[in-house]
Amino acid sequence: FHVIAPKNRWKYVLKVSSLMAPGGTLYLKCFSASETRVTDGPYRFSSEQLEEIFMDEFEVEQIRETVYQGTISPFPKALFAILRKI
């Protein structure tokens, strides 16, 4: 999700939604807007942005701060969202 251009995010939301039954759960991990390193890497999001992007098709159950574990130190900040298909 965090590599999709802003103009195409609605296509992602609609496609994922079309593949799910009502009440289904989408688990989404993306880079957080609180990650401050300068990079040309993936797009970063706030909780409010995720809610706005997904609100027509999903209800937000939870969004929490986390990290991407890997070889970069400190680990890059991320968001983990639990979204329920309306």
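Each remark here, short or long, concerns the structure printed above.
The structure displayed is predicted, hence computed values, not measured ones.

Moving on: the sheet that holds strand β2 (residues 58–67). With antiparallel pairing, the 3 strands of this open sheet are ordered in space as β1-β3-β2. Edge positions in the open sheet fall to β1 (25–31) and β2, since each of these has one partner strand only. Strand-to-strand, the axes of this sheet are offset by a mean angle of 20 degrees, without reference to chain direction. For β1 and strand β3 (residues 77–85), the ladder comprises 7 bridges, and the chain directions are antiparallel. Paired with tyrosine 27 across the strands is isoleucine 82, a residue of β3. Here helix α1 (residues 9–18) sits on the sheet in contact with β1, β2 and β3, set at roughly 115 degrees to β2.

In this section: the packing of aromatic side chains. Scanning all chains against the criterion turns up 7 aromatic pairs. Ring centres of phenylalanine 1 and phenylalanine 54 lie 5.3 Å apart, and the angle between their planes is 50 degrees; this geometry places the pair in the tilted category. Remark: phenylalanine 54 occurs in helix α2 (residues 47–54) and phenylalanine 1 occurs in the segment before α1; sequence separation between them is 53 residues. The class of phenylalanine 1 is buried, set by a relative accessible area of 13%. Between tyrosine 12 and phenylalanine 54, the ring centres sit 6.4 Å apart and the planes meet at 90 degrees, which makes this aromatic pair edge-to-face. Remark: phenylalanine 54 occurs in helix α2 and tyrosine 12 occurs in helix α1; sequence separation between them is 42 residues. Among the residues examined, phenylalanine 54 registers a relative accessible area of 0% and is labelled buried. Members of the aromatic cluster, each reached through a chain of ring pairs, are Phe1, Tyr12, Phe45, Phe54 and Phe58. Seen from the ring of tyrosine 43, arginine 9 lies directly overhead, with NZ or CZ sitting 4.8 Å from the centre. A cation over a ring is seen here: lysine 29 above tyrosine 68, with NZ or CZ 4.8 Å from the ring centre.

Parameters at a glance
- Residues numbered from 1 in each chain as written.
- Predicted model: local features only at pLDDT ≥ 70, side-chain atom pairs only at ≥ 80, totals over all residues.
- Heavy atoms only, no water.
- Pairing = 2+ DSSP bridges.
- Helix = DSSP H or I, 4+ residues; strand = E, 2+ residues; numbered from the N terminus.
- Axes fitted to C-alpha atoms, helices over the stretch in contact; angles between N-to-C directions.
- Contact = heavy atoms within 4.5 Å.
- Phe/Tyr/Trp six-rings, centres within 6.5 Å; stacked < 30°, edge-to-face > 60°.
- Buried < 20%, exposed > 50% of the residue type's maximum accessible area, 1.4 Å probe, protein only.
- Lys NZ or Arg CZ within 6 Å of the ring centre and 35° of its normal.

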